[in-house]
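Summary of the model geometry
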Amino acid sequence: MQSRLLENLNPEQLAAVTLPRESAMILAGAGSGKTRVLTTRIAWLIETRQVNPLGLLAVTFTNKAAREMLTRISAMLPINTRGMWVGTFHGLANRLLRAHYRDAGLPQTFQIMDTADQVALVKRMLKANGVNEEQFKPRDTAWFISAQKDAGLRPSAVEAFDDHSRQLVDIYRMYDAQCQREGVTDFAELILRSYELLAKNEPIREHYRARFAHILVDEFQDTNRLQFDWLKLIAGPSNAVMAVGDDDQSVYSFRGAKVANMRDFEREFNAHTIIKLEQNYRSQGNILEAANVLIGHNRQRLGKNLWTSEAQGEPIRLFEAQSDFEEAQFVVEEVRELRATGVPLTEVALLYRSNAQSRVLEHALFSAGLPYRVYGGLRFFERQEVKHALAYLRMVANPEDDAALLRVINFPTRGIGARSIEQLQDSARASGASLWQAACSRGGSKASAPDTPKKGIEGFVLLIERLRAECTGVALHEMIEAVIERSGLRAHYEAEREGADRLANLDELVSAAAQFADDPMRALELEADPAFRAAESGREQARPQGREQEQGQAQGQDPAPASATQPLAPPVDGAPGTAADAAETPADQMLIQFLAHASLEAGDNQANAGDDALQLMTVHSAKGLEFHTVFASGLEEGLFPHENSLDDAGGVEEERRLMYVAVTRARRRLYLTFAQSRMLHGQTRYNVASRFLREIPVKLLKRLSPTYDRGGGSTTFAQPAGASWRAGAQAPVSVRPAPKQEMAGMPWRIGQSVRHAKFGTGVIIDAEGRGTEARVQVNFGREGVKWLALAYAKLDAA
DNA sequence: CTAGCTGCTGTTTTT
DNA sequence: CAGCAGCTAG
């Protein structure tokens with residue numbers, strides 16, 4: 001039977017979709033239809049009955065990509081995608097750990113910290129242990145810990161060669177122990193812990209290996225070492241892994257991604273088939289050629305050349321501005337024109353290297369009355385009022401959660417100061433108990449006279465106990481309502497002048513919870529999955545089907561001799577009666593799931609689609625998207641490529657890949673803009689044009705001049721021998737005007753571009769002295785910043 | 001305990 | 001510039 005699914009695929013796509021059951025690498029260039037191949041492959045496997053929907057595992061990096069995949073599969077096949085293992089690495093790891101929490105050495109209610117929680121926890125520990133915070137900054141330390149986990153290394157496996165790193169490892173060890181005590185995990189822990197679960201538990205491992213005959217991985221170039229090993233472990237010797245990726249779009253090495261995984265894949269997964277998808281369906285010829293030439297400057301590549309059947313299209317527009325302000329102004333003008341010609345603003349993206357650059361652009365757009373939307377920034381579940389409400393919920397789910405307790409013990413304020421909290425922490429540490437336990441023994445929760453509104457710790461303990469009682473057996477959104485009311489959060493924000501938005505977000509949280517509970521896809525995800533019962537009963541024979549039956553065991557100690565089989569997962573030390581491990585009812589389950597959801601999916605930061613608004617975002621966040629028109633702004637040395645990336649090996653190549661991503665986002669029109677001067681950290685900086693501009697062939701470019709030229713000088717950048725792009729384009733700009741500045745004897749102005757025989761083109765960033773004493777400081781970009789005495793150095797206007 | 005001040009430090013980001 | 005952390009004054 002020839003499936004309709006296979007219609008309109010090009011030969012390479014078809015080959016990829018219909019590969020036999022074996023591991024393969026699909027090198028998928030930008031715009032080559034990679035998601036289509038992935039989803040069609042899945043649909044084809046199911047339709048031809050080579051696998052049933054529950055027998056495959058598809059992994060992505062973002063929730064968005066996972067959702068997209070499910071949506072497209074549903075559109076292709078009349079199947080229920082419920083229960084399918086399509087998700088992010090973290091989401092799937094979470095799923096594994098929830099199903100086998102005991103074997104993984106976790107409490108059933110274990111919580112997932114986001115990065116902010118993690119940093120806070122590290123900070124708390126550093127403080128508690130009197131570690132010098134100058135030397136060990138919480139952020140860096142948390143970063144270090146995550147990096148070790150991403151590499152698959154527990155403290156005992158980390159090699160430390162000096163005092164500093166030995167201390168870091170000690171902190172890492174304490175951190176893990178603390179997480180275990182509190183019943184919390186961080187993101188990397190989800191994957192590492194699930195890796196260890198499979199590694200040391202053969203029945204479970206074999207269960208999943210037998211189940212997932214086909215494993216598909218999206219954005220493989222973004223995998224880190226641990227994710228690579230995780231896949232390898234689940235795949236085992238006989239399952240087929242289809243890895244789809246593009247080494248040229250690897251832009252996340254700063255968070256552990258290893259492009260080398262693409263090379264290693266072939267060997268370690270025994271993959272003999274490599275298919276390259278090189279036909280680009282997105283961009284017109286000039287844009288694609290620019291991208292190809294640009295990325296051709298990288299040495300570390302698997303090698304790939306995109307082509308298109310499209311026409312050349314428009315030239316790439318290049319604009320040089322005097323300042324970031326002028327650059328923004330230019331964008332405004334062009335966007336107005338585009339809009340007038342009927343291009344929807346949602347189809348126009350304004351990209352930049354770093355978030356700080358959005359400010360000027362926003363300002364100009366705002367003044368011009370152009371609607372725009374900025375991606376990035378705080379997401380819904382990261383807002384403080386939402387995090388506070390969630391912290392109360394976490395206390396309901398598991399009061400051992402010190403982080404949650406600390407967050408809300410005095411918010412809204414109830415007269416518990418730093419000193420009482422310190423005492424609490426001291427007594428908790430002394431007895432090796434949680435803060436909650438310490439608070440309980442101090443507050444004397446039992447002997448409380450009812451209805452006496454208590455302040456202080458006692459009041460807090462009463463509040464939480466009351467909340468826990470009230471939340472028993474009620475619907476999720478009712479729990480949240482109770483929390484918001486009883487905790488005093490609502491009253492607090494009602495009293496606050498600027499509290500309206502926050503109140504609205506709290507209400508939004510309630511509806512989010514109601515929606516979450518209503519979503520059968522999510523709510524029934526686990527129950528619908530026969531694997532859980534199967535895998536669970538593999539371990540504990542003859543257990544009845546219902547998952548509600550578990551509370552008997554749940555109360556008890558973890559039967560696993562943790563020290564022997566789980567050296568890295570210290571036993572949950574019981575704390576009987578604290579109900580840390582007693583998510584018994586469906587409502588409790590729902591709460592746990594909702595909290596995990598909140599951590600794993602912090603919410604969209606791309607607002608309401610539909611509005612006709614310009615799209616502003618970093619190049620990183622633009623990855624995977626496409627637009628009719630793209631403005632890539634701030635193309636200056638030091639900014640893009642970013643100066644901080646220049647020292648580390650491969651840094652420039654990664655920046656170039658980022659530039660490649662920016663260029664390949666555009667379908668029809670691409671603007672490249674840069675500014676000679678730019679406000680950065682409150683100071684004006686003078687930059688030279690990005691090397692990446694020089695790498696794009698002149699013939700593809702069209703230089704635009706400011707229509708509102710204020711008569712200032714103009715700069716250029718060195719184009720290797722032959723014509724500079726300027727020559728080909730407009731009439732040459734007049735040689736710079738005579739110096740009209742205050743100080744006689746200093747022929748140069750700050751901000752002017754000059755050329756030096758040896759150092760090339762640069763921008764004057766400072767000047768001093770006059771006559772024979774006169775010196776200028778010039779930023780030559782790659783060649784560095786130099787002071788030059790005018791009496792000796794020959795400088796020309798550039 | 002909070003408000004307000006000073007001083008420091010600034011890539012990229014998902015989970 | 002601007003957001004945050006940490007400190008001091010009330």
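Residues numbered from 1 in each chain as written. Chains lettered and ligands numbered in written order. Predicted model: local features only at pLDDT ≥ 70, side-chain atom pairs only at ≥ 80, totals over all residues. Heavy atoms only, no water.

Of regular secondary structure, chain A possesses 31 helices and 21 strands. Here chain A holds 798 residues, and 55% of them are scored as buried. Summed over all atoms, the accessible surface of chain A reaches about 34,400 Å², with 50% contributed by carbon and sulfur. (Helix = DSSP H or I, 4+ residues; strand = E, 2+ residues; numbered from the N terminus. Buried < 20%, exposed > 50% of the residue type's maximum accessible area, 1.4 Å probe, protein only. Areas by Shrake-Rupley, 256 points an atom, 1.4 Å probe, with all protein chains shown as cover.)

Before going further, it helps to spend a moment on the confidence of the model for chain A. Looking at chain A as a whole, its pLDDT mean stands at 82, while 84% of the residues score no less than 70. Segment residues 533-581: pLDDT under 50, and 71 contacts once partners within four positions in sequence are set aside and those in other chains are kept. Overall, residues 708-743 carries pLDDT values under 50, and its contacts beyond four positions in sequence, including any with other chains, amount to 66 contacts. (pLDDT = per-residue confidence, 0-100. Contact = heavy atoms within 4.5 Å.)

Let us look at the protein's contact with DNA strand B. Near DNA strand B there are 29 residues, and of these Thr-115, Arg-353, Thr-413, Gly-417 and Thr-618 occur at the shortest range. At 3.5 Å, a side-chain N or O of His-90 approaches a base oxygen of DNA strand B. By residue class, the composition of the surface near DNA strand B is seven nonpolar, 18 polar and four charged. (Near = heavy atom within 4 Å. Polar contact = N/O pair within 3.5 Å; in protein donor to acceptor, adjacent residues only side chain to side chain. Nonpolar A, V, L, I, M, F, W, Y, C, P; charged D, E, K, R; others polar.)

Relative to the helices and strands, Arg-657 is located in helix α29 (residues 651-663). Those residues in contact with Arg-657 that sit more than four places away from it in its chain are Asp-247, Asp-248, Gln-249, Ser-250, Val-251, Val-259, Ile-295 and Asn-298.

Attention now goes to the protein's contact with DNA strand C. Taken together, Lys-123, Arg-359, His-681 and Gly-682 make up all the residues around DNA strand C. Backbone atoms, meaning sugar and phosphate, form 53% of the atoms of DNA strand C found within 4 Å of the protein. For DNA strand C, a phosphate oxygen lies 3.3 Å from a polar atom in the side chain of Lys-123. Contacts to DNA strand C include His-681, whose backbone N or O atom sits 3.5 Å from a base nitrogen. In terms of residue class, the surface near DNA strand C is made up of no nonpolar, two polar and two charged.

This part takes up the sheet that holds strand β17 (residues 753-756). Across the sheet, five strands lie side by side as β20-β19-β18-β17-β21; this open sheet has antiparallel pairing. The open sheet has two edge strands with one neighbour each: β20 (785-789) and β21 (795-797). Adjacent strand axes in the sheet meet at a mean angle of 45°, parallel and antiparallel pairs treated alike. With five bridges joining them, strand β19 (residues 775-779) and β20 adopt antiparallel strand pairing. The partner of Asn-779 across the bridge, within β20, is Val-785. (Pairing = 2+ DSSP bridges. Axes fitted to C-alpha atoms, helices over the stretch in contact; angles between N-to-C directions.)

Taken residue by residue, a regular strand's side chains alternate between the two faces of the sheet. Along strand β9 (residues 316-323), seven of the eight residues are buried, which leaves the element largely enclosed by surrounding structure. Here four bridges tie β9 to strand β16 (residues 701-704), and the two strands are oriented parallel to one another. Residue Ile-316 lies in a different strand from β16, and its bridge partner there is Leu-701. Relative to strand β14 (residues 666-680), β9 runs parallel, the two sharing six bridges. In the sheet register, Glu-320 faces β14, and the bridge partner there is Phe-674.

With that settled, the discussion passes to the sheet that holds strand β6 (residues 214-217). Read across the open sheet, the six strands follow the order β3-β2-β6-β7-β1-β8; overall the sheet is parallel. For this open sheet the edge positions go to β3 (85-88) and β8 (273-277), each flanked by a neighbour on one side alone. Averaged over all pairs of adjacent strands, the angle between strand axes in this sheet comes to 15°, irrespective of strand direction. Helix-sheet contacts for helix α2 (residues 34-47) involve β1 (24-28), β2 (56-60), β6, β7 (240-245) and β8, and the interaxial angle to β6 is about 170°.

Let us look at helix α9 (residues 202-211). Of the positions making up α9, those classed as buried are Ile-204, Arg-205, Tyr-208, Arg-209 and Arg-211. Buried positions in α9, seen along its axis, are confined to an arc of 165° and lie on one side of it. Summarising the geometry of α9, the exposed residues directed more than 90 degrees from the buried face are Pro-203 and Ala-210. Of the residues that open α9, the one with a side-chain oxygen 3.3 Å from the backbone nitrogen of Ile-204 is Asn-201. (Arc of directions from axis to C-beta.)

Now for the packing of helix α4 (residues 89-99) against helix α10 (residues 225-235). Between α4 and α10, whose axes approach to 12 Å, the crossing angle comes to 50°. Classified by the angle their axes make, α4 and α10 are oblique. The two elements α4 and α10 cross, and the hand of that crossing is left-handed. Residues Phe-89, His-90, Leu-92, Ala-93 and Leu-96 of α4 touch α10, and the partners they reach there are Gln-227, Trp-230 and Leu-231. Of the residues assigned to the contact of α4 with α10, the class counts are six nonpolar, two polar and no charged. (Parallel < 35°, antiparallel > 145°, perpendicular 65-115°, else oblique. Left-handed = near helix turned anticlockwise from the far one by under 90°.)

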